[in-house]
Amino acid sequence: MPTTHISRRSLIRGITAATAVATLATGLAACGGDSDAATRTNDSAGTVTVGQLSNGAAKETTLKVSEVKSISAKLPDALKKSGKLVIGSGTLPSGAPPLGFVGSDQKTLTGSEIDLARLVAAVLGLEPEVKRFTWENLFVGIDGGKVNVGFSNITDTEERKQKYEFASYRKDDLAFEALKDSKFSFDGDYEALTGKTVSVGAGTNQERILLEWKDRLEKEGKKLTVKYFQDNNSTYLALNSGKIDAYFGPSPNLSYHVTQTKSTPSPTRIAGQFSGAGATLQGLIAATAKKNSGLAQPLVDAINHLIDNGQYAKWLAAWNLSNEAVSKSEVNPPGLPLDNS
């Protein structure tokens, strides 16, 4: 969307020199838009430990999980031959706890999404290899073959199905985060956004929903201002200073951040939630591979094996995400409609 990218470029041009230096230091490994990510793969045979190095975001839990040959036999021949599953995470530059972030050792990528990917790789008999990208470049990586599958809080949408295939694994709920003393609340009616200034991540599903609401309000002669920031730190500085009324993002990220602000001078709260697939359909998060890659079915079978054998529930519980459980994984389930209705 041209107006979105113009506003982001203008924002970047206006960053102070000090902030630019700090950003450079944070994202140095991301100069090309991606980087190899350290991840724990030294589990003993037949086990995967989730919640490692989470700095309190999760309870470290060791799960028994081994290759299921009836499932791994369904993998494309090239993947069997390589022996590894290249996993994409769109968490550069600053991470997004609890979904994907650099752990307490300051080098290892941890998070709920990476842990599920490691569990799935174990069922498929493959060695997990993680690559980190900016959100936009994650999809470039999938398109160009740098990545076999994205595990990065990717929403299943009908638009994305034109290029990708999905294996669902978690509910997709979005949320608004506001300062605790703010009067803003959202009950599902976009009219509540009239006159507000809201931040959202560019290129995300929540951006698409928010811009749809913005268009509707404009047709009614009302205004919603949408702002973009380079990273979460900048977003929360804007929220704390009153430059924005709320931040619209994935519910797990925002709920985690609310817990981190409880004892700070600027505590926040969840001001409302919305399904990532719109008002009439439960949104779903899905492992994402290139369309016709042949990966969706073995990914679904691996996830369902984890569901049926209890590792899935223990993974969610370790990361305090049990309320986002699904009863089964599906190939390309219905997602956010093309018309956002």
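Going by the structure above, here's the rest.
Conventions and cut-offs
Residues numbered from 1 in each chain as written. Predicted model: local features only at pLDDT ≥ 70, side-chain atom pairs only at ≥ 80, totals over all residues. Heavy atoms only, no water. Buried < 20%, exposed > 50% of the residue type's maximum accessible area, 1.4 Å probe, protein only. Helix = DSSP H or I, 4+ residues; strand = E, 2+ residues; numbered from the N terminus. Pairing = 2+ DSSP bridges. Phe/Tyr/Trp six-rings, centres within 6.5 Å; stacked < 30°, edge-to-face > 60°. Lys NZ or Arg CZ within 6 Å of the ring centre and 35° of its normal. Expected span 1.5 Å × (residues − 1). Contact = heavy atoms within 4.5 Å. Core = buried A, V, L, I, M, F, W, Y, C linked by side-chain atoms within 4.5 Å.

Novice: Explain the pairing of strand S10 (residues 197-200) here, please?
Specialist: Regular strands show a simple pattern: their side chains alternate between the two faces of the sheet. Burial along S10 is two-sided: Thr197 and Ser199 facing one way and Val198 and Val200 facing the other are all buried. Relative to strand S11 (residues 225-227), S10 is paired through 3 bridges, and the arrangement is parallel. Bridged to Thr197 within S11 is Thr225. In the sheet, S10 pairs with strand S12 (residues 246-250) via 3 bridges, with the strands oriented parallel. Among the inter-strand pairings, Ser199 is bridged to a residue of S12, identified as Tyr247.

Novice: Is there a simple way to think about the packing of aromatic side chains in this case?
Specialist: Given two aromatic rings, one states the distance between the centres and the angle between the planes to describe the pair. Applying the stated criterion to the full structure yields 15 aromatic pairs. Centroid distance Phe176 to Trp213: 6.4 Å. Interplanar angle 25°. Geometry classified as stacked. On the criterion of sequence distance, the pair formed by Phe176 in strand S9 (residues 164-179) and Trp213 in helix H7 (residues 205-219) is long-range, its members being 37 residues apart. The exposure classification of Phe176 matches that of Trp213, with both residues buried. Feature note: the residues Phe176, Phe184, Phe186, Trp213, Phe248 and Phe274 constitute an aromatic cluster, connected by ring pairs. Looking at Arg216, its charged tip hangs above the ring of Tyr190, at a distance of 5.5 Å from the centre.

Novice: Explanation requested: H7 in the structure shown.
Specialist: Two residues of an α-helix separated by three or four positions point the same way, owing to the 3.6 residues in each turn. Its 15 residues give H7 an end-to-end C-alpha distance of 22 Å, which sits within 8% of 21 Å, the value for a rise of 1.5 Å per residue. Taken residue by residue, H7 has Asn205, Gln206, Glu207, Arg208, Ile209, Leu210, Leu211, Trp213 and Leu217 as its buried positions. Trailing H7 by a residue or two, Gly221 shows a phi angle of about 80°, which is positive.

Novice: Honestly, helix H10 (residues 296-308) in this entry has me stumped. Any pointers?
Specialist: With 13 residues, H10 should reach 18 Å at 1.5 Å per residue; the first-to-last C-alpha distance of 18 Å fits that figure. Most of H10 sits out of view: 10 of its 13 residues are buried. Within the sequence span of H10, burial applies to Ala296, Pro298, Leu299, Val300, Asp301, Ala302, Ile303, Asn304, Leu306 and Ile307. Contacts from the buried residues of H10 go to helix H3 (69-72), helix H5 (112-124), strand S8 (149-150), S9, strand S14 (283-290) and helix H11 (311-318). One or two residues past the end of H10 sits Gly310, with phi positive at roughly 90°.

Novice: What should I look at first to understand the nonpolar core in this one?
Specialist: Most often, soluble globular proteins keep nonpolar side chains buried together rather than apart. One finds Leu119, Val120, Phe151, Trp315 and Trp319 to be the most contacted residues of the largest nonpolar core, which totals 48 residues. Within the residue set of this core, elements represented by two or more residues are strand S2 (47-50), strand S4 (84-89), H5, S9, S14, H10 and H11. Residues in contact with Trp319, not counting those within four places in the same chain, are Val50, Gly51, Ser54, Ala57, Ala58, Pro98, Phe101, Thr110, Gly111, Ser112 and Asp115.

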